[in-house]
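These are the residues of each chain, in order.
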Amino acid sequence: MEVPILKQGAVLIATFQAALSDADLNHLRSALVQQVVRFRSRGVIVDVTAMDVMDSFASRTLREIAHIIRLRGAETVIVGIQPEVAFAMVQLGLTLEGVATALDLEEGLAYLNQKFKTMK
Amino acid sequence: MSRVEIRVTISSDQDIVVARQKGRSLALELGFSSGDATLIATAISELARNIVSYAGSGQIALKDLQGSTRVGITVTASDTGPGIPNVSQALRDGFSTSGSLGLGLPGVRRLMDEFEIDSKPGQGTRVVVKKWRP
Ligand SMILES: Nc1ncnc2c1ncn2[C@@H]1O[C@H](COP(=O)(O)OP(=O)(O)OP(=O)(O)O)[C@@H](O)[C@H]1O
Ligand SMILES: [Mg+2]
């Protein structure tokens, strides 16, 4: 199952589906990095609203994505972590340290726009 | 006695997704809240991934748990892989032989109510976890 990536100006938006396998997540990581390079994007939003489970593999992959993209000089923000999923992540001991998060797509965009202003 | 038993053969990353989805639906059928079903599905995901990563293949069995006054779910992850030489070390947060986060087993223990692990080097690993409906 592929994750659709939408280009909106300087921002790329990737929307997760409910049931992503490890291979899907790995594929998303390379696709996002490729597109950030190709479009010279300045920000990436990963929307995980539909995600059923955020286990150690998924959160490690999200962290990697954010770190690689930062090395390209762009910012990543994860949006839409559901309260139940967040609770399970805490129990498991997972953190998304060093990765920006926001409530939803709108707030994620607002966060990035704010970042772009201060980056100028 | 349990009434339902669902077995999922685990040999690829796609099977991890199948196992956790079946676990979530059984949990919901047994009357767990959607929040608890997410905790159970997350635990299944970690156990199934360990099977794929370290043993290559194995099985996840999902069963209802009938207590005298309450209901729950049992998840059994078993494989005939290399086993874990030092189980207490493997249960520590941050211990990993694969350069990963080392949160799977200790995390599953926190997510569920009961946790049992039996592993023999060269013979395999069996993890049995239970969660009761509050
Ligand atoms: N089914 C298994 N067969 C053999 N060894 C296992 C099995 N499950 C776990 N282990 C061993 O126990 C260690 C700890 O497992 P745990 O799931 O806690 O962490 P991890 O898999 O290394 O990292 P993470 O789950 O956070 O990605 C593993 O690194 C591995 O050496
Ligand atoms: Mg693990």
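Residues numbered from 1 in each chain as written. Chains lettered and ligands numbered in written order. Predicted model: local features only at pLDDT ≥ 70, side-chain atom pairs only at ≥ 80, totals over all residues. Heavy atoms only, no water.

Enquirer: Provide a residue-level description of the interface of chain A and chain B, including the pertinent values.
Expert: In this assembly, 22 residues from chain A lie in contact with 25 residues from chain B. At the surface where chain A touches chain B, the tally comes to 3 salt bridges. Residue A:D55 is joined to B:R49 by a salt bridge in which the shortest nitrogen-to-oxygen separation is 2.7 Å. On the surface where chain A and chain B come into contact, there are 14 residue pairs in polar contact (both at pLDDT 80 or more). Looking at the side of chain A that touches chain B element by element, the count peaks at 6 residues for helix α3 (residues 83-92) of chain A. (Contact = heavy atoms within 4.5 Å. Salt bridge = Lys/Arg side-chain N within 4 Å of Asp/Glu carboxyl O. Polar contact = N/O pair within 3.5 Å; in protein donor to acceptor, adjacent residues only side chain to side chain. Helix = DSSP H or I, 4+ residues; strand = E, 2+ residues; numbered from the N terminus.)

Enquirer: For the pattern of salt bridges, give the residues involved together with the corresponding values.
Expert: One pass over the structure, following the stated rule, counts 9 salt bridges over all chains. Close ionic contact of B:R49 with A:D22 constitutes a salt bridge, the shortest N to O distance being 2.4 Å. Pair noted here: B:R49 is in helix α2 (residues 34-55) and A:D22 is in helix α1 (residues 22-39), and the two residues belong to different chains. Judged by relative accessible area, B:R49 falls into the buried class, the value being 8%. The partner of B:D113 in a salt bridge is B:K131, with the nearest N and O atoms 3.8 Å apart. Here B:D113 is found in the loop between α4 (104-111) and β4 (114-120), whereas its partner B:K131 is found in strand β5 (residues 124-132), with 18 residues between them in sequence. Overall, B:D113 belongs to the partly exposed group, its relative accessible area being 44%. Under the relative-accessibility criterion, B:K131 is labelled buried at 8%. When salt bridges with common partners are traced through the structure, they connect A:D22, A:D55 and B:R49 into a single cluster. (Buried < 20%, exposed > 50% of the residue type's maximum accessible area, 1.4 Å probe, protein only.)

Enquirer: Could you give an account of empty space enclosed by the protein, naming the residues involved and the relevant values?
Expert: All told, the structure shown has 1 cavity of 30 Å³ or more when counted by the stated rule. By volume, the largest cavity amounts to about 30 Å³. A per-class count over the lining of the largest cavity returns 5 nonpolar, no polar and 4 charged. (1 Å grid on protein atoms, 1.4 Å probe; cavity = no way out; pocket = protein on both sides within 12 Å on 5 of 7 lines; lining within 4 Å. Points joined across faces, edges and corners; volume = space filled by probe spheres on them. Nonpolar A, V, L, I, M, F, W, Y, C, P; charged D, E, K, R; others polar.)

Enquirer: So what about the pairing of β5(B)? Which residues, and what values?
Expert: Residue and element names in this part refer to chain B. Burial analysis of β5 places 7 of its 9 residues in the buried class, which makes it a mostly covered element. Relative to β5, strand β3 (residues 71-79) is paired through 8 bridges, and the arrangement is antiparallel. The residue of β5 that forms the bridge with T74 is K130. Across 7 bridges, β4 lies against β5 in antiparallel orientation. Bridge pairing in β5 links K120 to G124. Between the end of β4 and the start of β5, which pair antiparallel, lie 3 residues, with G122 showing a positive phi angle near 85°. (Pairing = 2+ DSSP bridges.)

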